[in-house]
Amino acid sequence: DLQGRVAIVTGAGRGIGRAIAQALAIEGVAVVVASRTATEIEETLDLLKAAGQAGLAIVTDVSKYKEVKELVGRTLEEFGRIDILVNDAGIQGPIGLISENEVANWNATIQANLLGTFYCTQIVLSHMIKRRQGKIVNLSGGGATVSRPNFSAYATSKAAVVRLTETVAEEVKEDNIQVNAVLPGWIDTDLTRRGRKEVSGLHEKV
């Protein structure tokens, strides 16, 4: 029974994150939706309100520790608790051979996908441990279980998210906090469509 719970969902402006936020709202969860784009999370918030559920939209770049702290702080000020954290925010990063990837773009992918998940998890855990309860769900992705050529930064970051998840789960299991990673498989979103288009373009050049 999720009625009355409070959740933070990052990457909630569109795609999987938005769908997760809506599903939680339907179950009676007050959802704080976060992403870098204000217009997108405001649209998500409108959908949550249409489901008759309270929510809050907070513009957040999860790759910036200070902004994540502000996200968690505002959530606690508004709702007084955090029961669920869904780490969905992420970017696809550079596509193509690793020998040709821009270093800055490769680093940015690790920063958003891996460190963003770490930042959110660490800051929220300080609250969950005190309450001795909580659920954290991390979104894994392509490359976490098998190699994914032309997506080295994305695959590396998502494989690391899985190991981070397993490690944190062991650390907090005695605090009644469950940490899991979900690999949703291929889903038709803007992100996956762009990725397929760019890979097709690479093949055409070859």
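Relevant structure appears above.
Quick caveat, the model's predicted, so the values are computed rather than measured.

Q: I keep staring at the pattern of salt bridges and nothing clicks. Help me out?
A: A side chain with one charge can pair with a side chain of the opposite charge if their charged atoms come near. Overall, the coordinates contain eight salt bridges when judged by the stated rule. For Arg132, the salt bridge identified is with Asp175, shortest N-O distance 3.3 Å. Highlighted residues: Arg132 in the loop between α4 (103-131) and β5 (134-139) and Asp175 in the loop between α5 (152-172) and β6 (177-182), separated in sequence by 43 residues.

Q: Looking at this structure, I do not really get the nonpolar core. What am I missing?
A: Among soluble globular proteins, nonpolar side chains are generally buried collectively. Formed by 24 residues in total, the largest nonpolar core has its most connected members in Ile8, Leu85, Val124, Met128 and Val179. Listed by contribution, the elements that provide at least two residues to this core are β2 (30-35), β3 (55-59), α3 (65-79), α4, α5 and β6. Setting aside its immediate chain neighbours within four residues, Ile8 contacts Val32, Leu71, Val72, Thr75, Ile82, Ile84, Leu85, Val86 and Val124. If you look at the next biggest cluster of nonpolar residues, it comprises 16 residues, including Val9, Ala25, Leu48 and Ile84.

Q: How should I be thinking about the pairing of strand β4 (residues 84-87) in this particular structure?
A: Looking down a regular strand, the side chains alternate between one sheet face and the other. Judged by which residues are buried, β4 turns out to be covered on both faces: Ile84 and Val86 on one side and Leu85 and Asn87 on the other are all buried. Strand direction decides the pairing type here: strand β1 (residues 6-10) and β4, joined by three bridges, are parallel. Across the sheet, the residue bridging to Ala7 is Ile84, located in β4. As defined by bridge partners, β4 adjoins β5 across four bridges and the pair is classed as parallel. Residue pairing across strands places Leu85 opposite Ile136, the latter belonging to β5.

Q: Explain the sheet that holds β3 to me, please; I cannot follow it from the model alone.
A: The six strands are arranged β3-β2-β1-β4-β5-β6 in an open sheet whose pairing can be described as parallel. Each of the sheet's edge strands pairs with one partner strand only, and the pair in question is β3 and β6. Adjacent strand axes in the sheet meet at a mean angle of 15 degrees, parallel and antiparallel pairs treated alike. Sheet topology note: the β1/β2 ladder contains five bridges and is parallel. For Thr10, the partnering residue across the bridge sits in β2 and is Ala34. Against the sheet, helix α2 (residues 38-50) contacts β2 and β3, and its axis sits at roughly 175 degrees relative to β3.

Q: Is there a simple way to think about the packing of aromatic side chains in this case?
A: The relative placement of two aromatic rings is captured by the distance of their centres and the angle of their planes. Per the counting criterion, the structure on display carries two aromatic pairs. Ring geometry for Tyr65 and Tyr119: centres 5.2 Å apart, planes at 85 degrees, overall edge-to-face. Residue Tyr65 is found in helix α3, and its partner Tyr119 is found in helix α4; the two are separated by 54 residues along the sequence. Residue classification places Tyr65 among the partly exposed positions, given a relative accessible area of 35%. Judged by centre distance (5.7 Å) and plane angle (50 degrees), the ring pair of Phe118 and Tyr119 falls under tilted. Judged by relative accessible area, which is 31%, Phe118 ranks as partly exposed.

Q: What's the story with the side chain of Lys158 in this structure? I'm lost.
A: Position of Lys158 among the secondary structure elements: in helix α5. Among buried charged residues, Lys158 stands out as having no salt bridge; its nearest opposite-charge side chain is Asp88, 6.5 Å away. Reaching out from Lys158, the side chain makes a polar contact with the backbone oxygen of Leu139 at a distance of 2.9 Å.

Q: Could you clarify how one ought to interpret unusual backbone geometry in this entry?
A: Glycine aside, negative phi is the norm for most residues, and most peptide bonds take the trans geometry. The backbone phi angle of Asn150 is positive, close to 75 degrees, even though this residue is not glycine. Tracing the chain through its elements places Asn150 in the loop between β5 and α5.

Q: When you look at the side chain of Asp61 in this model, what are you seeing that I'm missing?
A: Structurally, Asp61 can be placed in the loop between β3 and α3. Buried and without a salt bridge, Asp61 has Lys64 as its closest oppositely charged side chain, separated by 4.1 Å. Engagement of the side chain of Asp61 in a polar contact is seen with the side chain of Ser63, the distance being 2.6 Å. Beyond its immediate sequence surroundings of up to four residues, Asp61 is in contact with Arg36, Glu67 and Val68.

Criteria and thresholds
- Residues numbered from 1 in each chain as written.
- Predicted model: local features only at pLDDT ≥ 70, side-chain atom pairs only at ≥ 80, totals over all residues.
- Heavy atoms only, no water.
- Salt bridge = Lys/Arg side-chain N within 4 Å of Asp/Glu carboxyl O.
- Helix = DSSP H or I, 4+ residues; strand = E, 2+ residues; numbered from the N terminus.
- Core = buried A, V, L, I, M, F, W, Y, C linked by side-chain atoms within 4.5 Å.
- Buried < 20%, exposed > 50% of the residue type's maximum accessible area, 1.4 Å probe, protein only.
- Contact = heavy atoms within 4.5 Å.
- Pairing = 2+ DSSP bridges.
- Axes fitted to C-alpha atoms, helices over the stretch in contact; angles between N-to-C directions.
- Phe/Tyr/Trp six-rings, centres within 6.5 Å; stacked < 30°, edge-to-face > 60°.
- Lys, Arg positive; Asp, Glu negative; His and termini not counted.
- Polar contact = N/O pair within 3.5 Å; in protein donor to acceptor, adjacent residues only side chain to side chain.

Interpretation in functional terms is not warranted from these geometric data alone.
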